[in-house]
Amino acid sequence: MKHMKIVTELVSFTLPLILSGLFQQLFSWVDAFIVGNINGEAALAAIGATNSIYSLFVSLITGFTSGLSVLCAQMHGRGEKERIKETLSSNVLVLTLVFLFISLAGIAFTDSLLALMATPENISSQAESYLSIMMAGIPFLVVYNVYSAVLRGEGNSRAPFTAVLVSSLSNVALDLLFVAGLGMSCAGAAAATVIAQAAMTIYLVIYTVVRYPHLRFRFFSGPADAHTLKKSAVFGFPPSVQSGITSAGNVVLQSFMNGFGEKTVAAITTAYRVDTVILLPIINLGSGISTLVAQREGSGDRESALKVLHAGLVLMVCVSAALTLLVFTYGSSLIAMFGLSGDTVLIGRSFFRGLSTFYVIFGLSMALRGFIEGRGDMLASGLLGISSLVVRIIMSYIMKPFFGNMTIAYAEAVAWIYQLIVYFLRFRIAGKRQR
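Residues numbered from 1 in each chain as written. Predicted model: local features only at pLDDT ≥ 70, side-chain atom pairs only at ≥ 80, totals over all residues. Heavy atoms only, no water.

A.B. asks: I'd like a description of the pattern of salt bridges, backed by residues and values.
C.D. replies: All chains considered together, the criterion is met by three salt bridges. The salt bridge partner of glutamate 373 is arginine 369, with a shortest N-O separation of 3.0 Å. Of the two residues, glutamate 373 and arginine 369 both sit in helix α15 (residues 359-374), four residues apart, roughly one turn of that helix. Exposure remark for glutamate 373: the relative accessible area of 9% places this residue in the buried category. (Salt bridge = Lys/Arg side-chain N within 4 Å of Asp/Glu carboxyl O. Helix = DSSP H or I, 4+ residues; strand = E, 2+ residues; numbered from the N terminus. Buried < 20%, exposed > 50% of the residue type's maximum accessible area, 1.4 Å probe, protein only.)

In structure tokens:
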């Protein structure tokens, strides 16, 4: 009976996370869908060629704030409202300043970054205009993700979803206006996304100020609290570094993929765009496990934390198997909707099916990762993520002679298997230490 209550709690908390992630991905989906169908395959490939660079910066933000969410969940479990407020105010101020500088640097060196990745010349100009505008929205994402992390730590996953929903609808309308109406192509799609991101951020800040009086603070009312920043760094840096290095590795893999030509770039980047959305239930269920475990760890109820993991593992198997079936049934149609040619769709379908066969493996590893991070073991999880990337890159080059342009799919599958094995060993070792 108690397990069913935990399952219900997990589903209730995770569903808004999944929907938030879905609508966040709609930013890039809508850009790709409208540009691909109006401006053609080359414009779609231009947007796809920027994914790994832009994701690098976004991953640094979301990685750090995922750690903040766990920290705030533990504080929530202990009833430490004032410390949650200090965590919010200090991180909003410091992270915004840091990523404002990063954003400006990214805009200044956009052309160099794309050249470093061997972006095909026929799409480099459009890719540069798209990426430089997208970089301007980075500071808004910082503020949104910090507020979102704190609210999730307090058990509220619905407000961030509402913010994303409103901005996603705005993004669709603006894309149609700028790309279809004004003919602005890739630049118009990027501008629509940045404006929608700003609206999303403003909404969530106003919501928090109105609904959570204990989280109100004055900007620049004093220096950021050093102790709070240090604690935030302990929780935030490991997943941020892991996410950043993973995204940097994806830049390497993007360059590796570019060597197979425009059709493969368009096919696999589009397949990854679809795959990112399809994997949201798995990733966010892992985040839900992490948050609920952290709240129970904060209150000292470790037995209940284990029950969260058990319920999460069962849910993961069911969800992962369903997603694999979805890909095998509708994968081709999902890729084709972006305006790709027949040969390109076939490349994307083969990639998609090869990767989705291993979704259950990925799901189980995410459940164990959620438990480990919820207990505050962020460093071990971060190091494992980095080593998993190394495995993936090495296997990409080793397997290339055997699998050609499908190498990236099977190399990632090998990395997932490696992750599951090491997360399980870490879970067993930590369990023995507690006895």
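So much for the structure itself; the text now carries on.
A.B. asks: Please set out the packing of aromatic side chains residue by residue, giving values where relevant.
C.D. replies: Under the defined criterion, the tally for this structure stands at four aromatic pairs. Both rings, one in tyrosine 359 and one in tryptophan 416, keep their centres 6.3 Å apart while their planes meet at 45°; by these two values the pair is tilted. One end of the pair, tyrosine 359, is in helix α15; the other, tryptophan 416, is in helix α17 (residues 407-434), with 57 residues separating them in the sequence. For tyrosine 359, a relative accessible area of 0% corresponds to the buried category. In this structure tryptophan 416 comes out as buried when scored by relative accessible area, which is 4%. (Phe/Tyr/Trp six-rings, centres within 6.5 Å; stacked < 30°, edge-to-face > 60°.)

A.B. asks: Talk me through the confidence of the model for the chain; I want residue IDs and the actual numbers.
C.D. replies: When pLDDT is low, close inspection of the predicted coordinates is not appropriate. In this model, the chain carries a mean pLDDT of 79, and residues with pLDDT of at least 70 account for 84%. Within the chain, the lowest mean pLDDT, 68, falls on helix α2 (residues 41-49), and the highest, 90, falls on α15. (pLDDT = per-residue confidence, 0-100.)

A.B. asks: Before we move on, could you go through a nonpolar patch on the surface and cite the residues and values that matter?
C.D. replies: On the surface, Ile417, Ile421, Phe424, Leu425 and Ile429 cluster together to form a nonpolar patch covering roughly 440 Å² of accessible area. The exposure class assigned to isoleucine 429 is partly exposed, which follows from its relative accessible area of 41%. (Patch = residues over 30% accessible without salt bridge, like charges linked within 9 Å, V, L, I, M, F, W, Y side chains within 5 Å. Areas by Shrake-Rupley, 256 points an atom, 1.4 Å probe, with all protein chains shown as cover.)

A.B. asks: Pulling in residues and values, what's your account of α15?
C.D. replies: Given a rise of 1.5 Å per residue, 16 residues ought to cover 22 Å, and the 22 Å separating the end C-alpha atoms of α15 matches this to within 8%. Where α15 terminates, the next one or two residues include glycine 376, which has phi positive at roughly 95°. (Expected span 1.5 Å × (residues − 1).)

A.B. asks: Any details on the packing of helix α7 (residues 138-153) against helix α9 (residues 185-211)? Residues and values, ideally.
C.D. replies: Where α7 contacts α9, the axes come no closer than 9 Å and their chain directions differ by 35°. Where α7 crosses over α9, the two elements pack in a sense that is left-handed. Note on element contacts: α9 touches α7 through Gln197, Ala198, Met200, Thr201, Leu204, Val205, Tyr207 and Thr208, opposite Phe140, Leu141, Val143, Tyr144, Tyr147, Ser148 and Leu151. Residues belonging to the contact of α7 with α9 are distributed by class as follows: 11 nonpolar, four polar and no charged. (Axes fitted to C-alpha atoms, helices over the stretch in contact; angles between N-to-C directions. Left-handed = near helix turned anticlockwise from the far one by under 90°. Contact = heavy atoms within 4.5 Å. Nonpolar A, V, L, I, M, F, W, Y, C, P; charged D, E, K, R; others polar.)

A.B. asks: How would you sum up the side chain of asparagine 156? Please name residues and give values.
C.D. replies: Looking at the secondary structure, you find asparagine 156 in the loop between α7 and α8 (158-181). A polar atom in the side chain of asparagine 156 sits 3.1 Å from the backbone nitrogen of alanine 159. What asparagine 156 contacts, discounting residues up to four positions off in sequence, is Phe13, Leu151, Tyr207 and Tyr212. (Polar contact = N/O pair within 3.5 Å; in protein donor to acceptor, adjacent residues only side chain to side chain.)

A.B. asks: How would you explain the packing of helix α12 (residues 280-298) against helix α13 (residues 302-336) if you had to name every residue and give the values?
C.D. replies: What describes two packed helices is the angle between their axes and the distance between those same axes. It is the contact of α12 with α13, at a shortest axis distance of 9 Å, that shows an interaxial angle of 175°. For the element pair α12 / α13, the angle class is roughly antiparallel. Mapping the contact onto sequence places Pro281, Ile282, Leu285, Gly286, Ile289, Leu292, Val293, Arg296 and Glu297 in α12 and Arg302, Ser304, Ala305, Val308, Gly312, Leu315, Met316, Val319, Ser320 and Leu323 in α13. In terms of residue class, the contact of α12 with α13 is made up of 12 nonpolar, four polar and three charged. (Parallel < 35°, antiparallel > 145°, perpendicular 65-115°, else oblique.)

A.B. asks: Can you break down the nonpolar core residue by residue, with the values?
C.D. replies: Counting residues in hydrophobic clusters, the biggest one holds 53 residues, and the most contacted among them are Leu88 and Tyr147. When contributions to this core are tallied by element, the ones reaching two or more residues are α1 (2-39), α3 (51-78), α4 (81-108), α6 (121-135), α7, α8 and α9. Counting 42 residues, the second largest nonpolar core, distinct from the first, contains Ile6, Val308, Val327 and Leu355. (Core = buried A, V, L, I, M, F, W, Y, C linked by side-chain atoms within 4.5 Å.)

A.B. asks: Please set out the environment of leucine 88 residue by residue, giving values where relevant.
C.D. replies: Locating leucine 88 in the fold gives a position in helix α4. Classification of leucine 88 as buried rests on a relative accessible area of 0%. Remark: the alpha-carbon pair of leucine 88 and valine 146, spanning 58 residues in sequence, is separated by 6.8 Å. In contact with leucine 88, other than residues within four places in its own chain, are Val146, Tyr147, Val150, Leu215 and Phe217.

A.B. asks: Describe in detail the side chain of threonine 65, supporting the description with residues and values.
C.D. replies: Relative to the assigned elements, threonine 65 resides in helix α3. Non-local contacts of threonine 65, meaning those with residues more than four positions away in its chain, are made with Asn145, Val146, Ala149 and Arg152.

A.B. asks: Give me the environment of asparagine 122: which residues, what numbers.
C.D. replies: Along the chain, the position of asparagine 122 falls in helix α6. The class of asparagine 122 is partly exposed, set by a relative accessible area of 48%. Remark: the alpha-carbon pair of asparagine 122 and alanine 45, spanning 77 residues in sequence, is separated by 9.8 Å.

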